[in-house]
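One letter stands for each residue in the lines below.
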Amino acid sequence: MLLSNWHFPPVPVLLVVGGLSILFLNKPRTPLNGLAILPILAFVYANVFPMYFARTGFSISSTVAATSLPCLCLTIFLRRLFSVKIADRAQYSDKKATKDGLLAFVGAGAIIVVTAYTPDHCFKAKCKLGTILIGPSPFANFWFASFFGGFATFGCLAALYLILQRRMALRR
């Protein structure tokens, strides 16, 4: 995995710099700092996955899962570390959390389908601008899926974790 094969387009790089600044410069730390690693992981996976995998539904889904799960784990760890109380039922009901989780899951599925099965060729001027800003097609496809699909999947899993956390608290 040579660094010479990596792409450094401006939009993903600026998001990585923003994520790193939030991680290292943001005080006080909050559980939402776990989201700061999302653009970092999306950038790394967008450079690594196209080298080893063809663009299929499975490889895009793997990229999305590899981006969202570490973000969720870090957010849960920081929430427990800082003893942040989760929203109670009056603020955020289980029905609304379930609806939001399923909506985020559908959104992540749509992002995966779009990025896995769209054509790679485009010769219009706006495509050339997109290539300059976001990178070449294989990188852009994996980055888009990792960043936006990872964010949607993170939202889905966070909502479902909230419901699970409440259910376990009720049993105690």
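Residues numbered from 1 in each chain as written. Predicted model: local features only at pLDDT ≥ 70, side-chain atom pairs only at ≥ 80, totals over all residues. Heavy atoms only, no water.

Student: Sorry if this is basic, but what is going on with the side chain of Thr67 here?
Tutor: Secondary-structure assignment places Thr67 in helix α3 (residues 57-81). A polar side-chain atom of Thr67 sits 2.8 Å from the main-chain carbonyl oxygen of Thr63. (Helix = DSSP H or I, 4+ residues; strand = E, 2+ residues; numbered from the N terminus. Polar contact = N/O pair within 3.5 Å; in protein donor to acceptor, adjacent residues only side chain to side chain.)

Student: Got a minute to help me understand the environment of Asn141 in this structure?
Tutor: Tracing the sequence through the fold places Asn141 in helix α6 (residues 137-171). Residues Asn141 and Pro50, spaced 91 residues apart in sequence, show a C-alpha to C-alpha distance of 9.2 Å. Excluding residues that lie within four positions of it along the chain, Asn141 makes contacts with Arg55, Ile60, Thr115, Thr118 and Asp120. (Contact = heavy atoms within 4.5 Å.)

Student: Quick question: what am I supposed to make of the nonpolar core here?
Tutor: Nonpolar side chains in soluble globular proteins tend to end up buried together. Membership of the largest hydrophobic core comes to 26 residues, with the highest contact counts inside it found for Ile60, Cys71 and Trp143. Where this core is concerned, the elements lending two or more residues are α1 (10-25), α2 (37-52), α3, α4 (94-117) and α6. When residues no more than four places from it in sequence are discounted, the contact partners of Cys71 are Gly34, Ile37, Leu38, Leu41 and Phe154. (Core = buried A, V, L, I, M, F, W, Y, C linked by side-chain atoms within 4.5 Å. Buried < 20%, exposed > 50% of the residue type's maximum accessible area, 1.4 Å probe, protein only.)

Student: When you look at the packing of α1 against α2 in this model, what are you seeing that I'm missing?
Tutor: In a pair of packed helices, the angle between the axes and the distance between the axes together describe the arrangement. Running from N to C, α1 and α2 point in directions that differ by 140°, and their axes come no closer than 7 Å. One way to sum up the angle between α1 and α2 is to call them oblique. Crossing hand, α1 versus α2: left-handed. Across from Pro12, Val13, Leu15, Val16, Gly19, Leu20 and Leu23 in α1, the residues of α2 making contact are Ile37, Pro39, Ile40 and Phe43. Its residues assigned to classes, the contact of α1 with α2 shows ten nonpolar, one polar and no charged. (Axes fitted to C-alpha atoms, helices over the stretch in contact; angles between N-to-C directions. Parallel < 35°, antiparallel > 145°, perpendicular 65-115°, else oblique. Left-handed = near helix turned anticlockwise from the far one by under 90°. Nonpolar A, V, L, I, M, F, W, Y, C, P; charged D, E, K, R; others polar.)

Student: Honestly, the packing of aromatic side chains in this entry has me stumped. Any pointers?
Tutor: Centre-to-centre distance and the angle between the planes together describe a pair of aromatic rings. Summed over the entire model, instances satisfying the criterion amount to ten aromatic pairs. Here Phe49 and Phe142 contribute two aromatic rings whose centre-to-centre distance is 6.1 Å and whose plane-to-plane angle is 35°, an arrangement assigned as tilted. On the criterion of sequence distance, the pair formed by Phe49 in helix α2 and Phe142 in helix α6 is long-range, its members being 93 residues apart. For Phe49, a relative accessible area of 11% corresponds to the buried category. Assessed through its relative accessible area of 1%, Phe142 is described here as buried. (Phe/Tyr/Trp six-rings, centres within 6.5 Å; stacked < 30°, edge-to-face > 60°.)

Student: Whenever I open this one, the pattern of salt bridges confuses me. Can you help?
Tutor: When their charged atoms lie close together, side chains carrying opposite charge are able to pair. Taken as a whole and assessed by the stated rule, the structure comprises three salt bridges. A salt bridge links Arg166 to Asp94; the shortest N-O distance between them is 2.7 Å. Of this pair, Arg166 sits in helix α6 while Asp94 is found in helix α4, placing the two residues 72 residues apart along the sequence. For the pair shown, Arg166 and Asp94 are each scored as buried. Of the charged contacts in the structure, one is a salt bridge between Lys96 and Asp100, with a shortest N-O distance of 3.7 Å. Pair noted here: Lys96 and Asp100 are both in helix α4, with a separation of four residues, about one helical turn. Among the charged side chains, a salt-bridge network with shared partners connects Asp94, Arg166 and Arg167. (Salt bridge = Lys/Arg side-chain N within 4 Å of Asp/Glu carboxyl O.)

Student: Any chance you could explain the environment of Ala140 here in plain terms?
Tutor: As for its placement among the helices and strands, Ala140 is situated in helix α6. Since its relative accessible area comes to 16%, Ala140 is described here as buried. Separated by 96 residues in sequence, Ala140 and Val44 place their C-alpha atoms 12 Å apart. Apart from residues lying up to four places away in sequence, Ala140 is in contact with Ile134 and Gly135.

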